[in-house]
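What follows is the residue order along each chain.
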Amino acid sequence: MARKRVLVTGGAGFLGSHLCDRFIAEGYHVIAMDNLITGNLENIEHLFKLEQFEFYHHDVSKFVHVPGKLDYILHFASPASPIDYLKIPIQTLKVGSLGTHNLLGLAMAKKARMLIASTSEVYGDPLVHPQSEDYWGNVNPVGPRGCYDEAKRFQEAMTMAYQMHHGLETRIVRIFNTYGPRMRLDDGRVLPAFLSQALRGEPLSIFGDGSQTRSFCYVDDLVEGIYRLLLSDYHMPVNIGNPSEITIRQFAEEICKLTGAELNIEYQPLPTDDPQKRQPDISKAREVLGWEPKVDRAEGLQRTLEYFKQKVKVPAERMVN
């Protein structure tokens, strides 16, 4: 039988590249698409030698054409960290709106099932804790983060409209903070920032007083949840994340202990609309998908550290034999 074919947009990015790996391992023919604004070909270069892998250098905000049949489309193209979407807000809005519209049209033409990567940011700075899928959020549409938050909220609305009006098979995953190998060192998110700073012997930058919380999910767990959701019969949004919550200050202490760095913190002003709480309610994922995270933070951080050690230029005085 012919291999099933899957298109992964944002395929050269952190999450997209791990999804390409998973679908290759499951026996699919994988087409990765990326305009490489924030993606990196290094993340998928090990796949180029495979006949069941293709790469298209393309911006999905423009018309998207893929020859041949498609069984599934996973839309993961988007800047995903504040440092990126504050730098390119219009491209961020376009990939969430025009890009989503183009890919939904492609899914219709190919009779493919489409899964979109939404985000915990649709909940904004939440007034409900933990956040469940029936919470509508507390989002500032005209704040600096609005370009990302509202692009994702529009993406969900557009996807649901195609599902209800056209009967298109769609899936929506709301992704909470995820980490692991292939994260960009300079992407501005707390984990790569802390690990890079600790390895270089620099002070760890904490925005605000460090009392805000995050919940970190290892990338392999996230990919498993996404894979199960794609193949499920459930079309409403599903939170995928790790409910183990930690303050940023506590997280800084964990990173220093892990790397052997001295705890040295540099406090900086809290960015506008930065969420104070972030913890997923994963009851729906447990019930519908039989999914919950398996990799605890200690193990996941150790795996991620090994990757960062290869990427971060460590000063000679901090080199350990």
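Just so it is clear, the structure is predicted and the values come from calculations on it, not from any experiment.

1. Concerning the overall build of the protein chain
Okay, so step 1: If you tally the helices and strands in the protein chain, you get 9 helices and 13 strands.
Okay, so step 2: Relative to the globule expectation of 20 Å for 321 residues, the C-alpha radius of gyration of the protein chain, 19 Å, shows essentially globular dimensions.
Okay, so step 3: Dimensions of the protein chain, computed from the C-alpha atoms along their principal axes, are close to 55 × 45 × 40 Å.
Okay, so step 4: Residue burial in the protein chain is summarised as follows: out of 321 residues, 53% are buried.
Okay, so step 5: Taking as baseline every contact in the protein chain between residues at least 6 positions apart, the subset at least 24 positions apart corresponds to 80%.
Okay, so step 6: Of the roughly 14,400 Å² of accessible surface on the protein chain, 53% is carried by carbon and sulfur atoms.
Okay, so step 7: Positive and negative side-chain charges in the protein chain, numbering 36 and 40 respectively, have mean positions lying 4 Å apart.

2. Looking at the side chain of Q155
Okay, so step 1: Structurally, the position occupied by Q155 is in helix α4 (residues 146–166).
Okay, so step 2: Classification of Q155 by relative accessible area gives buried; the value is 1%.
Okay, so step 3: Those residues in contact with Q155 that lie beyond four places of it in its chain are H75, G96, T100, I116, A117 and S118.

3. Thoughts on the pattern of salt bridges
Okay, so step 1: Counted by the stated rule, this structure contains 25 salt bridges.
Okay, so step 2: The salt bridge partner of R278 is E121, with a shortest N-O separation of 3.4 Å. Residue R278 is located in the loop between β13 (265–268) and α8 (283–289), and its partner E121 is located in the loop between β5 (113–119) and α4; the two are separated by 157 residues in the primary sequence. Each of the two residues, R278 as well as E121, counts as buried.
Okay, so step 3: R214 is paired through a salt bridge with D274; the nearest N and O atoms lie 3.3 Å apart. Within this pair, whereas R214 is found in strand β9 (residues 213–215), its partner D274 is found in the loop between β13 and α8, the two being separated by 60 residues in sequence. Each member of the pair, R214 as well as D274, is classed as buried.
Okay, so step 4: Among the charged side chains, a network of salt bridges with common partners joins E121, R145, R214, D274 and R278.

4. Focus: the packing of aromatic side chains
Aromatic ring pairs are defined here through the distance separating the ring centres and the angle between the ring planes.
Okay, so step 1: Throughout the structure, instances matching the rule amount to 13 aromatic pairs.
Okay, so step 2: Ring centres of Y85 and Y148 lie 4.5 Å apart, and the angle between their planes is 5°; on these two criteria the pair is classed as stacked. Linking Y85 in helix α2 (residues 82–85) with Y148 in helix α4, this pair joins segments that are 63 residues apart in sequence. Judged on exposure class, the residue Y85 and its partner Y148 are both buried.
Okay, so step 3: Measuring from centroid to centroid gives 5.5 Å for Y179 and Y218, while their planes differ by 65°, and the two rings are edge-to-face. Of the two residues, Y179 is situated in strand β7 (residues 178–179) and Y218 in strand β10 (residues 217–218); the sequence distance between them amounts to 39 residues.

5. Quick word on unusual backbone geometry
Okay, so step 1: Across the junction of H129 and P130, the peptide omega takes the value -10°, indicating a cis bond.
Okay, so step 2: A positive phi angle, close to 65°, is found at L36, a residue other than glycine.
Okay, so step 3: Unlike most non-glycine residues, K111 shows phi in positive territory, near 55°.
Okay, so step 4: Position of K111 among the secondary structure elements: in the loop between α3 (89–110) and β5.
Okay, so step 5: With relative accessibility at 75%, the residue K111 sits in the exposed group.

6. Quick notes on the UniProt feature "domain: NAD(P)-binding" (unreviewed entry) in the protein chain
Okay, so step 1: UniProt tags residues 7–303 as "domain: NAD(P)-binding" (unreviewed entry).
Okay, so step 2: With 36% helix and 18% strand, the stretch residues 7–303 has end C-alpha atoms that lie 28 Å from each other.

7. Describing the nonpolar core
When a protein is soluble and globular, its nonpolar side chains tend to lie buried together.
Okay, so step 1: Membership of the largest hydrophobic core comes to 61 residues, with the highest contact counts inside it found for F23, V30, L74, F76 and I226.
Okay, so step 2: The leading source of residues in this core is helix α6 (residues 219–230), at 7 residues.
Okay, so step 3: Beyond its immediate chain neighbours, meaning those up to four positions away, F23 contacts V6, Y28, V30, L74, Y227 and L230.

8. Side note on the pairing of strand β1 (residues 5–9)
Okay, so step 1: Across the 5 residues of β1, 5 count as buried, placing the element largely inside the fold.
Okay, so step 2: The two faces of β1 match: R5, L7 and T9 on one face and V6 and V8 on the other face are all buried.
Okay, so step 3: In the sheet, β1 pairs with strand β2 (residues 29–34) via 5 bridges, with the strands oriented parallel. Across the sheet, the residue bridging to T9 is M33, located in β2.
Okay, so step 4: Handedness of the β1-helix α1 (residues 14–25)-β2 crossover: right-handed.

About the thresholds
Residues numbered from 1 in each chain as written. Predicted model: local features only at pLDDT ≥ 70, side-chain atom pairs only at ≥ 80, totals over all residues. Heavy atoms only, no water. Helix = DSSP H or I, 4+ residues; strand = E, 2+ residues; numbered from the N terminus. Rg over C-alpha atoms; globule rule 2.2 N^0.38 Å. Buried < 20%, exposed > 50% of the residue type's maximum accessible area, 1.4 Å probe, protein only. Contact = heavy atoms within 4.5 Å. Areas by Shrake-Rupley, 256 points an atom, 1.4 Å probe, with all protein chains shown as cover. Lys, Arg positive; Asp, Glu negative; His and termini not counted. Charge placed at Lys NZ, Arg CZ, Asp CG, Glu CD. Salt bridge = Lys/Arg side-chain N within 4 Å of Asp/Glu carboxyl O. Phe/Tyr/Trp six-rings, centres within 6.5 Å; stacked < 30°, edge-to-face > 60°. UniProt positions renumbered as here; feature names shortened; annotations may be inferred. Core = buried A, V, L, I, M, F, W, Y, C linked by side-chain atoms within 4.5 Å. Pairing = 2+ DSSP bridges. Right-handed = clockwise from strand over helix to strand, strands pointing away.

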